[in-house]
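One-letter residues, chain by chain:
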Amino acid sequence: MELLVLNRPFAKALALLAVFPLSACLSVPPSSYAKLSRISPLEADAAALRFAVVTPEALRVRTGDIRFSIRYDGHDAAHSLIEETMPIVIDEPAATPGIPNEPGSGSRIQVAFLAPEDASRFAAIQRRIKAWQQEGYRGKGQVSLGATGCVAGPLTDSPLPVSTWIQTDQAEDFYPLNRPVDLQVMLKAAGKSAADIPACD
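Now for a look at the structure at hand. Just so we're clear, the structure is a prediction, and the values are computed from it rather than from any experiment.

## Points about the packing of aromatic side chains
- Taken as a whole, this structure holds two aromatic pairs when the rule is applied.
- When the ring of F68 is compared with that of F122, the centres are 5.2 Å apart and the planes differ by 80°; the resulting orientation is edge-to-face. With a gap of 54 residues between them, F68 in strand β4 (residues 66-73) and F122 in helix α3 (residues 116-134) connect regions that are remote in the sequence. This pair shows no difference in class: F68 is buried, exactly as F122 is.
- Consider the rings of Y72 and W132, whose centres lie 5.7 Å apart with planes at 45°: the pair is tilted.

Pasting the structure below:
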């Protein structure tokens, strides 16, 4: 079941990335939005980008559940259509600097990133588009983020806080993309419930 698809300018897409049905009403901290607004899709180091998702332990994302897509329409034969979709690798690293993680909190922290070969593919696309721009050509581009999630344990009617974080340089801390939101509330607003989230196989 598809829970989220975003087709937005790059910074806004990053700001709204989440693994469950979070909407445009997410509260992005002003300090984070200022940082995000400086990220360019043609300059961002895809190999360095890391997204962290903090959820209750009963919720999970798996490798391939999050997909990163880029589309650039060149409109003519010399600047052909670029359209790539890349699966995101999911890990649960021992350290996630900048993200509060109290032992026994019942939270799960998962980190998403592009595999090295996909980061290289993205870098090649960046170089190709920048070369066109240096020739004075301007096409139309779009970055999309789509995600699904699954249930790995029993859920109750209790709040399900979800927050997302980003790291653009592994020498720096993660910083928040949104303040924690209750997935139960967001699901209800969408006419759904936690029972609609598929079980992890």
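Read on, since the account is not over.
## A word on the pattern of salt bridges
- Per the stated rule, a full pass over the model turns up six salt bridges.
- A salt bridge links E43 to K130; its shortest N-O distance comes to 3.7 Å. With a gap of 87 residues between them, E43 in the loop between α2 (30-36) and β2 (50-56) and K130 in helix α3 connect regions that are remote in the sequence.
- The class of E43 is exposed, set by a relative accessible area of 55%.
- Taking relative accessible area as the criterion, K130 reaches 26% and is therefore assigned partly exposed.

## With respect to the nonpolar core
- Among the nonpolar cores identified, the biggest contains 31 residues, and L36, F68, I88, L114 and I166 are the most heavily contacted of them.
- Residue assignment for this core shows that the elements contributing at least two residues are β4, β5 (82-91), β6 (107-114), α3 and β7 (140-147).
- Top element by residues in this core is α3. It accounts for five residues.
- Grouped together as the second largest cluster of nonpolar side chains are nine residues, V53, V151, V162 and L183 included.

## Digging into the state of the cysteines
- Scanning the entire structure with this criterion turns up one disulfide.
- Paired through a disulfide, C150 and C200 show a sulfur-sulfur distance of 1.9 Å. Measuring handedness by torsion sign, the sulfur bridge of C150 and C200 sits at about 90° and is right-handed. Of this pair, C150 sits in strand β8 (residues 150-151) while C200 sits in the segment after α4 (183-189), placing them 50 residues apart in sequence.
- On the basis of relative accessible area, C150 is assigned to the buried category, the value being 0%.

Here is what the cut-offs are and how they apply
- Residues numbered from 1 in each chain as written.
- Predicted model: local features only at pLDDT ≥ 70, side-chain atom pairs only at ≥ 80, totals over all residues.
- Heavy atoms only, no water.
- Phe/Tyr/Trp six-rings, centres within 6.5 Å; stacked < 30°, edge-to-face > 60°.
- Helix = DSSP H or I, 4+ residues; strand = E, 2+ residues; numbered from the N terminus.
- Buried < 20%, exposed > 50% of the residue type's maximum accessible area, 1.4 Å probe, protein only.
- Salt bridge = Lys/Arg side-chain N within 4 Å of Asp/Glu carboxyl O.
- Core = buried A, V, L, I, M, F, W, Y, C linked by side-chain atoms within 4.5 Å.
- Disulfide = S-S within 2.5 Å.

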